[in-house]
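Topology and contacts: notes
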Amino acid sequence: MFKKITIKGARVHNLKNIDVEIPREKLVVLTGISGSGKSSLAFDTIYAEGQRRYVESLSTYARQFLGLMDKPEVDSIEGLSPAISIDQRSASVNPRSTVGTVTEIYDYLRLLFSRIGHVHCPNCQRELKRQTPTQIIADVLAKAKDKQPVLILAPVVVNGQVVRGRTLDEIKKSGFSRVSVGEQIKLLDQVTLAGLEQAEIVVEDLEYADSEKDLFKEELSRAIELALDLGDGQISVLINSKKNLYSQHYICRDCGFTLPDLEPRNFSFNSPAGACSKCLGIGTRLEVDADLVIPNKRLTLSQGAIKPWARNFSNQNNYWQLLKAVASENKFSLDTPIEMLNKKALDLILHGSGSKEYLIDGQKMKFNGVLEILEEKHQHTTSDYLRQEIEQYMRVFTCPYCQGKRLKSEFLAVTVGGQNISAVTLLTLEKALDFFKSLLSSKTGELGLDARDHKIADQAIKEIISHLQYLNDVGLSYLTLDRPSATLSGGEAQRIRLATQLGLSLTGVVYILDEPSIGLHQKDNQRLIDTLKNLRDLGNTVIVVEHDSMTMEAADEIIDIGPGAGENGGRVVAQGTPVEIKKDKNSLTGKYLSGKEMIVAPKTYRKGNGKYLEVLGASEFNLKNVDVKIPLGKFICLTGVSGSGKSTLMLEILVKALAKKFYRAKDLPGKHKEIKGIEHIDKVIAIDQSPIG
């Protein structure tokens, strides 16, 4: 059994034909200045060869789907296990991908809600319950007392609708002679179904007796099965004149809403069975924005205030003729500046005049409004050019039908523990962990879970808790499950993949990570280090490319690559434990770790130009109506724990607001009241973590 990974003659990129031994089943940190060759050794040599060997061990058929990596420039590598890379590549840019779907927690949520969810009517919020025939019989037997009459009824008219389109003759031929209307029992000959709001067939008239319980149960069972068939899954049972309602389906008797049996796909925004029909499960819609359509309010309609109509669109003449007719009918002028038109006239221009028709060139036409005309043209045109032209006047808005929750309203009305699936995904991972722990530990009847629910759901809840715990352990407690993957930083996406690997509990694997501490506050660093140690303790070799001093101090072994960058790097400067590295005179990293070298804070700071940029009332996402005063002409650092709102303030509010001001960007800035001091600057350049190229 190899105890070390032995590399001889590594020459990838700037590596200078180096030999190095890396201990197995240890936490090893590769460090050195940027460009020294750390990633060339870790990813382009060790990972590339480990992956290549694993793929080569598979069949020829399997290899054609995986793609074989090139053999790195190295003489030999011994003691190498299959390698898994957890790097900083960007998360999926698919708008349907979220933290919940990437971590597979959402799959467990869908299963949980479909199996033990409490269904409510989306219209009146009433809880809807269904029962099996066995449950109905058991409930009737529990409620009936000796010598009490029991009347079994099947609905024939519900909310004015005749069940299955039956006629009185069909009901009579089936052998029934009585019907319940209101609270009165009448003969079928005395009623007509037309005009009735509610009516029920009398299926069986029984009397319960303690002495003949078995016989009663047998008669009751037959009557209930027949009534359920007649009533399309719904029945009423009068016990001593007290009415009890039962249903095999989720049916609201107040408004007639019905819901089929729940399935996991009903809670998937990637399936037509569950996705909002308007936004198709994305949570946002591309809609025409009035401010982009009429950007200059000082212009008149005849001067081209409607910007897209100032270009050459097909049928433009018809639209202008139509607009003239609307203006003439409603007594406003096309030569009046937009800013001087009253609200009614502006609403007519943007949203149309309803069903009113106008005669244009011998044809009757309706004016649907500029916004709807552009949206229809965008949806139905076959021209890519025209579609792109119209998209210049469109913005992404939260879907008004599902409020960004992605699912149909009937499935958002299903709850577990008093929360619907959207509310659960809006919780931070830390709060979600507490929620599911309380669900698991709740006693029968608490949080709406009975003994049956616990028996069905406890295993799924345990899996969810396990996944959430791993994500919290790597410092991602501030994320929410509905957070789009495209908005995650490289460090966050890498830590999610790390948490997923922890959940797999693999052993004997070489894990290679690229600066996992990036973007992580110092208070969360120890949790990340503990996670790496757990991965090591499972019997894996963990190789980390890192600059963070806490991670280096926690390592079993440090390999310092250098001494310089590029052509001046590519050599092993020092290797050993953190204590040995600190004593090594050749290691620049060791000098900083030991305190012999340090970055001294400047004694004086720039005074700036005395001007300020002020953001007032910032309240996007988790910002609590904050006011921020940023001095200009200085180097400003915005800091705080992970998830505190730094990026929200800077990127979502300030950058987007300035880009909209200077470059007429379409993206709307986050919620804020006002930004003062914009007159002191003339441009904004945002440099984020997006990959180049």
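Computed from a predicted structure; not experimentally measured.

1. Examining the overall build of the chain
- Along the chain, the regular secondary structure elements total 22 helices and 29 strands.
- Taken over C-alpha atoms, the radius of gyration comes to 35 Å for the chain, far larger than the 26 Å a tight globule of 693 residues would show.
- In terms of overall dimensions, the chain has C-alpha extents of about 110 × 85 × 55 Å along its principal axes.
- Within the span of the chain, comprising 693 residues, buried residues form 46% of the whole.

2. What about the packing of helix H17 (residues 490-504) against helix H18 (residues 522-537)?
- Orientation of H17 relative to H18, taken along the N-to-C sense of each, is 40 degrees, at an axis distance of 10 Å. Taken as a pair, H17 and H18 cross one another with a handedness that is left-handed. Residues Arg-495, Leu-498 and Leu-502 of H17 form the contact with H18, whose participating residues are Leu-528, Thr-531, Leu-532, Asn-534 and Leu-535.
- By residue class, the composition of the contact of H17 with H18 is five nonpolar, two polar and one charged.

3. A short note on the pairing of strand E11 (residues 184-187)
- Taken together, the four bridges between strand E10 (residues 178-181) and E11 define a ladder with antiparallel strand orientation. Pairing of Arg-178 across the sheet is with Leu-187, part of E11.
- Between the antiparallel neighbours E10 and E11 lie two residues, among them Gly-182 with a positive phi of about 70 degrees.

4. Observations concerning a nonpolar patch on the surface
- On the surface, Ile-33, Leu-588, Tyr-592 and Ile-599 cluster together to form a nonpolar patch covering roughly 410 Å² of accessible area.
- Here Leu-588 lies in helix H21 (residues 588-594).

5. Considering the sheet that holds strand E29 (residues 674-676)
- A sheet is described by the order of its strands in space; here three strands give the open sequence E28-E27-E29, paired in antiparallel fashion. Only two strands of the sheet have a single partner each, and these edge strands are strand E28 (626-631) and E29. When strand polarity is set aside, the average angle formed by the axes of neighbouring strands in this sheet is 10 degrees.

6. Observations concerning the sheet that holds strand E2 (residues 18-23)
- Strand order in the open sheet formed by three strands is E2-E1-E4, with antiparallel pairing between adjacent strands. With one partner strand each, in any of the chains shown, E2 and strand E4 (76-78) form the two edges of the open sheet. Adjacent strand axes in the sheet meet at a mean angle of 5 degrees, parallel and antiparallel pairs treated alike.
- One ladder, built from five bridges, connects strand E1 (residues 4-10) with E2; its direction is antiparallel. When the bridges of E2 are listed, Ile-5 appears paired with Ile-22.

7. Details of the pattern of salt bridges
- Scanning the entire structure with this criterion turns up 28 salt bridges.
- When the shortest N-O distance is used, the salt bridge between Asp-87 and Arg-497 registers 3.7 Å. Remark: Arg-497 occurs in helix H17 and Asp-87 occurs in the loop between strand E5 (83-86) and helix H3 (99-102); sequence separation between them is 410 residues. Considered together, Asp-87 and Arg-497 belong to a single accessibility category, that of buried residues.
- Taking the shortest distance from any N to any O, the salt bridge between Glu-553 and Lys-582 comes out at 3.1 Å. On the criterion of sequence distance, the pair formed by Glu-553 in helix H19 (residues 549-554) and Lys-582 in helix H20 (residues 578-583) is long-range, its members being 29 residues apart.

8. Observations concerning the packing of aromatic side chains
- By the definition in use, this model includes nine aromatic pairs.
- Aromatic side chains Tyr-61 and Phe-65 sit 5.1 Å apart centroid to centroid with 75 degrees between the ring planes, which places their arrangement in the edge-to-face category. A residue pair is termed a helical-turn pair when its members lie 3 or 4 positions apart in one helix, as Tyr-61 and Phe-65 do in helix H2 (residues 60-66) at four residues.
- Given a relative accessible area of 57%, Phe-65 falls into the exposed group.
- Ring geometry for Tyr-106 versus Phe-269: centroids 5.2 Å apart, planes at 45 degrees, classification tilted. Of the two residues, Tyr-106 is situated in helix H4 (residues 105-116) and Phe-269 in the loop between strand E16 (258-259) and strand E17 (284-288); the sequence distance between them amounts to 163 residues.

9. A short note on the side chain of Lys-38
- Along the chain, Lys-38 turns up in helix H1 (residues 38-56).
- No salt bridge is formed by the buried Lys-38, whose closest oppositely charged neighbour, Glu-515, lies at an N-O distance of 5.7 Å.
- Apart from the residues within four sequence positions on either side, Lys-38 is in contact with Leu-30, Thr-31, Gly-32, Ile-33, Val-545, His-547 and Ile-561.

10. Some thoughts on the environment of His-521
- Among the structural elements, His-521 can be located in the loop between strand E23 (510-514) and H18.
- Classification of His-521 by relative accessible area gives partly exposed; the value is 25%.
- When the C-alpha atoms of His-521 and Ser-642 are compared, they prove to be 5.8 Å apart, with 121 residues separating the residues in sequence.

11. Concerning helix H10 (residues 343-351)
- Within the sequence span of H10, burial applies to Ala-345, Leu-348, Ile-349 and Leu-350.
- After H10 finishes, the residue Gly-352 shows a positive phi value of roughly 90 degrees.

12. Some points on the nonpolar core
- Counting residues in hydrophobic clusters, the biggest one holds 65 residues, and the most contacted among them are Leu-109 and Phe-436.
- For Leu-109, the residues in contact, after removing those within four places along its chain, are Ile-421, Val-424, Thr-425, Phe-436, Ile-464 and Leu-481.
- In this structure, Val-203, Phe-216, Leu-230 and Ile-235 belong to the second largest nonpolar core, which totals 35 residues.

13. What to know about the confidence of the model for the chain
- Across the chain, pLDDT averages 89, with 96% of residues at or above 70.
- Highest mean pLDDT in the chain belongs to strand E3 (residues 27-31) (97); lowest belongs to strand E9 (residues 161-162) (65).

14. Here's the deal with the environment of Ile-678
- Assignment of secondary structure puts Ile-678 in the segment after E29.
- Judged by its relative accessible area of 16%, Ile-678 is buried.
- Considered as a pair, Ile-678 and Ile-543 are 135 residues apart in the sequence and their alpha carbons are 47 Å apart.
- Setting aside residues no more than four positions away along its own chain, Ile-678 makes contact with Leu-613, Leu-658, Lys-661 and Phe-662.

15. Focus: helix H16 (residues 451-473)
- For H16, which comprises 23 residues, the first-to-last C-alpha distance of 31 Å matches the rise-based estimate of 33 Å (1.5 Å per residue) to within 8%.
- Where H16 bends most, at Ala-457, the angle is about 50 degrees.
- Every buried residue of H16 is listed here: Asp-453, His-454, Ala-457, Ala-460, Ile-461, Ile-464, Ile-465, Leu-468, Leu-471 and Asn-472.
- Against H4, helix H15 (429-441), H17 and H18 lie the buried residues of H16.
- By the N-cap criterion, in which a side-chain oxygen at the helix start approaches the backbone nitrogen of a residue two or three places on, H16 is capped by Asp-450, the distance to Arg-452 being 3.2 Å.
- The first or second residue beyond H16 is Gly-475, which carries a positive phi of 80 degrees.

16. Quick word on the pairing of strand E19 (residues 363-366)
- Note: strand E18 (residues 357-360) against E19, four bridges, orientation antiparallel. Opposite Leu-359, over in E19, you have Lys-364 as the bridge partner.

17. Side note on unusual backbone geometry
- Cis geometry marks the peptide bond from Gly-562 to Pro-563, where omega comes out at 0 degrees.
- With respect to the element layout, Pro-563 can be found in the loop between strand E25 (557-562) and strand E26 (571-576).
- One non-glycine residue with positive phi stands out, namely Ser-241, at about 75 degrees.
- With respect to the secondary-structure elements, Ser-241 resides in the loop between strand E13 (234-239) and strand E14 (242-247).
- On the basis of relative accessible area, Ser-241 is assigned to the exposed category, the value being 68%.
- In this model, Arg-664 sits at a positive phi of 55 degrees, which is unusual for a non-glycine residue.
- One can find Arg-664 in the loop between helix H22 (646-663) and E29.
- Classification of Arg-664 by relative accessible area gives exposed; the value is 73%.

Definitions and cut-offs
- Residues numbered from 1 in each chain as written.
- Predicted model: local features only at pLDDT ≥ 70, side-chain atom pairs only at ≥ 80, totals over all residues.
- Heavy atoms only, no water.
- Helix = DSSP H or I, 4+ residues; strand = E, 2+ residues; numbered from the N terminus.
- Rg over C-alpha atoms; globule rule 2.2 N^0.38 Å.
- Buried < 20%, exposed > 50% of the residue type's maximum accessible area, 1.4 Å probe, protein only.
- Axes fitted to C-alpha atoms, helices over the stretch in contact; angles between N-to-C directions.
- Left-handed = near helix turned anticlockwise from the far one by under 90°.
- Contact = heavy atoms within 4.5 Å.
- Nonpolar A, V, L, I, M, F, W, Y, C, P; charged D, E, K, R; others polar.
- Pairing = 2+ DSSP bridges.
- Patch = residues over 30% accessible without salt bridge, like charges linked within 9 Å, V, L, I, M, F, W, Y side chains within 5 Å.
- Areas by Shrake-Rupley, 256 points an atom, 1.4 Å probe, with all protein chains shown as cover.
- Salt bridge = Lys/Arg side-chain N within 4 Å of Asp/Glu carboxyl O.
- Phe/Tyr/Trp six-rings, centres within 6.5 Å; stacked < 30°, edge-to-face > 60°.
- Lys, Arg positive; Asp, Glu negative; His and termini not counted.
- Core = buried A, V, L, I, M, F, W, Y, C linked by side-chain atoms within 4.5 Å.
- pLDDT = per-residue confidence, 0-100.
- Expected span 1.5 Å × (residues − 1).
- Bend = angle between axes of the 7 residues up to and from the residue.
- Polar contact = N/O pair within 3.5 Å; in protein donor to acceptor, adjacent residues only side chain to side chain.

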